[in-house]
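Listed below, chain by chain, are the residues.
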Amino acid sequence: MRGLAVCACALSGCSLIFDGKDLHGTGGSPDLSVPGDDGGGGGDMTGQQNDLSGDGGGGDMGGPLTTVEFTKAAGSPIQIGLGPSTIAAGDLDGDGKIDLITADQTDNNLTYLYGNGNGTFTVAFDRPSGLPACTMYAAAIGHFNSDSFGDVAFVCTDNAMINVGEVLLGSSTRSYTPMVITALAVSQTLAPHRLWAGDLNDDLKDDLLVVNEAGNSVWALFGNGTGGFPTVRMQNTGTTPVWATAGRLNADPLLDVVVVNEASATFNVLMQTVSTTFGTVGTIPGPSNPEAAVIADFNADGKGDVAVSSSSVGATTVSIYTGKGDGTFIAPTSGIPVAAYPYALASADFNRDGRPDLVTANNADDNCSLLINTGGGSFAAAVQLPCGVAAAGVVAVDLNKDGLPDLAVMDRSMPAGVTILLNTSH
Ligand SMILES: [Ca+2]
Ligand SMILES: [Ca+2]
Ligand SMILES: [Ca+2]
Ligand SMILES: [Ca+2]
């Protein structure tokens, strides 16, 4: 802590209203099966929950599937705002159907995609009211107060490098109440690259991770359940951190954090030893040009492992670092080839065999690579899926409520879009 003040103040009279359309949520299941990782939150630090049981959200409605297959949903790609930086998933309006949000850096906008439950979406664009001119860097979906509606956190930075963080408290009417976070107005050069949302410290109140690429730091903001974040931890990282995610590297319920440092080709490991407190921070040599990471127990030994995507010339790979359960890892002897510039990474059990699989969104090859876990920490050769030009973000979550995780892939083509790939494995 550096004597930071965190303020969360409700702004009255500035709810965000979207244009019309289907404003009635049914107040059903408040949540998705995916607080947690990828970056998701968000996008893209939001994504898969890190589940050491390895069932990855694939449902328990049958045995393993032998043919892994994805089918593009009707209406895909769905047009979103320009220059999207992150994609995140969650049930914003509490209707039990997963929704998506993208942070659109060029448009300085948020695009809301409200799930219809079948892989199609009702789209709304919005620039949060009262926001000064700023650059929209990232957004994530979490539960920051106690109602059953998903909330949105985003970071937007103006030219004076004063960070504007904001939480938008959701409702069944798809309108939002802004809560301003001023915690990040600090003496650091700010270019917050990514947001992750989820419950870091097992108190059932969602928290945030903010990766500050320009400041070489990561911030953990612990939520109080009423939209505020009174406890803030800042940790210096390697050079050019571009991704953060959280999951269980050891057996305790406190999530640990992994930060990917692109320029220094390392990842930092922050073990949460006591609630809201990180112990000794490890620096693990990673692959060259690491881009993204997820935590999951790939070899089913009860200890969380880390998958890191990397994009170096001639060796575009995903590398699996086998966790020892204490914040240290067995490094792989080689990476698993994927396709060019795997900018984002997510994990879920796509074929319902109890093993967490992987998917990358490949920015240069305009596709996604599916890596199916064959057991013992090994993966079958990558299967390439068409998923949009200049793919730059991916979340794996069940969009049509059939128990199988689907894919939503954000791309940076012109115009930018989200491609929905429904999991039709059988
Ligand atoms: Ca919904
Ligand atoms: Ca929490
Ligand atoms: Ca493991
Ligand atoms: Ca599905």
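Residues numbered from 1 in each chain as written. Chains lettered and ligands numbered in written order. Predicted model: local features only at pLDDT ≥ 70, side-chain atom pairs only at ≥ 80, totals over all residues.

1. Overview of the overall build of the protein chain
In step 1: Secondary structure assignment for the protein chain yields zero helices and 34 strands.
In step 2: Per-residue burial over the protein chain gives 58% buried out of 426 residues.
In step 3: Considering only contacts in the protein chain between residues 6 or more positions apart, those separated by 24 or more positions represent 56%. (Helix = DSSP H or I, 4+ residues; strand = E, 2+ residues; numbered from the N terminus. Buried ≥ 20, exposed ≤ 12 C-beta atoms within 10 Å, placed from the backbone. Contact = placed C-beta atoms within 7 Å.)

2. With respect to the sheet that holds strand β13 (residues 192–198)
In step 1: The four strands lie next to each other as β13-β14-β15-β16, forming an open sheet whose pairing is antiparallel. Each of the sheet's edge strands pairs with one partner strand only, and the pair in question is β13 and β16 (231–236). Sheet twist, expressed as the mean angle between neighbouring strand axes with direction ignored, is 15°.
In step 2: Bridge count for strand β14 (residues 207–212) against strand β15 (residues 217–222) is five bridges, and the pairing is antiparallel. Bridge pairing in β15 places valine 211 opposite valine 218. (Pairing = 2+ DSSP bridges. Axes fitted to C-alpha atoms, helices over the stretch in contact; angles between N-to-C directions.)

3. What to know about the pairing of strand β19 (residues 266–274)
In step 1: In terms of strand pairing, strand β18 (residues 256–261) meets β19 through five bridges, oriented antiparallel. When the bridges of β19 are listed, valine 259 appears paired with asparagine 268.
In step 2: Counted between consecutive antiparallel strands, the loop separating β18 from β19 contains four residues, among which alanine 265 sits at a positive phi close to 50°.
In step 3: By the bridge criterion, seven bridges tie β19 to strand β20 (residues 277–285) in an arrangement that is antiparallel. Paired with valine 274 across the bridge in β20 is threonine 277.
In step 4: Once β19 ends, the chain turns through two residues before running back antiparallel as β20, passing threonine 276 with a positive phi of about 70°.

4. Describing unusual backbone geometry
In step 1: Cis peptide bonds are those with omega within 30 degrees of zero, and the linkage from serine 76 to proline 77 qualifies with 0°.
In step 2: As for its placement among the helices and strands, proline 77 is situated in the loop between β3 (70–72) and β4 (78–79).
In step 3: Of note, the amide linkage connecting methionine 414 to proline 415 takes the cis form, showing an omega dihedral of -5°.
In step 4: Assignment of secondary structure puts proline 415 in the loop between β33 (406–411) and β34 (417–423).

5. A few points about the sheet that holds strand β8 (residues 121–126)
In step 1: With antiparallel pairing, four strands are arranged side by side in an open sheet as β5-β6-β7-β8. Looking along the sheet, the strands with just one partner apiece sit at the ends: β5 (84–90) and β8. Taken pair by pair, the neighbouring strands of this sheet meet at an average axis angle of 15°, ignoring direction.
In step 2: Alignment of strand β7 (residues 109–115) against β8, held across six bridges, turns out to be antiparallel. Across the sheet, residue tyrosine 112 finds its bridge partner in β8, namely alanine 124.

6. Some thoughts on the confidence of the model for the protein chain
In step 1: On average, residues of the protein chain score 83 in pLDDT, and 80% of them reach the 70 mark or higher.
In step 2: With pLDDT under 50 throughout, residues 1–59 is counted as low confidence; its partners more than four residues away or in other chains account for 228 contacts.
In step 3: Note that pLDDT drops below 50 for residues 159–164; the model gives that stretch 15 contacts with residues more than four away or on any other chain. (pLDDT = per-residue confidence, 0-100.)

7. Some remarks on the nonpolar core
In step 1: Ranked by internal contacts, the top residues of the largest apolar core, which has 115 residues, are Ala139, Leu195, Leu209, Ala293 and Val409.
In step 2: Setting aside chain neighbours within four positions, we find alanine 293 in contact with Trp243, Thr245, Val258, Val260, Phe267, Val306, Ala307, Val308 and Leu345. (Core = buried A, V, L, I, M, F, W, Y, C linked by C-beta atoms within 7 Å.)

8. Examining the environment of arginine 127
In step 1: Examined against the element boundaries, arginine 127 turns out to sit in the loop between β8 and β9 (135–142).
In step 2: A C-alpha to C-alpha distance of 4.8 Å links arginine 127 and asparagine 109, two positions 18 residues apart in sequence.
In step 3: Not counting the four nearest positions on each side in its chain, arginine 127 is found in contact with Asn108 and Asn109.

9. Observations concerning the pairing of β5
Residues in a regular strand project their side chains so that they alternate between the two faces of the sheet.
In step 1: In terms of residue burial, β5 counts as a mostly covered element, since seven of its seven residues are buried.
In step 2: Here β5 pairs with strand β6 (residues 99–104) via six bridges, running antiparallel. Across the sheet, residue proline 84 finds its bridge partner in β6, namely aspartate 104.

10. Considering the environment of asparagine 400
In step 1: Mapped onto the fold, asparagine 400 is located in the loop between β32 (391–397) and β33.
In step 2: With 22 residues separating them in the primary sequence, asparagine 400 and leucine 422 have C-alpha atoms 7.8 Å apart.
In step 3: Setting aside chain neighbours within four positions, we find asparagine 400 in contact with Gly117, Asn118, Gly119, Asp406 and Leu422.

11. Here we look at the environment of alanine 263
In step 1: Residue position: alanine 263 is located in the loop between β18 and β19.
In step 2: By C-beta crowding, alanine 263 is classed as partly exposed, having 14 other C-beta atoms within 10 Å.
In step 3: Taking C-alpha positions, alanine 263 is 6.6 Å from asparagine 289, a pair spaced 26 residues apart along the chain.

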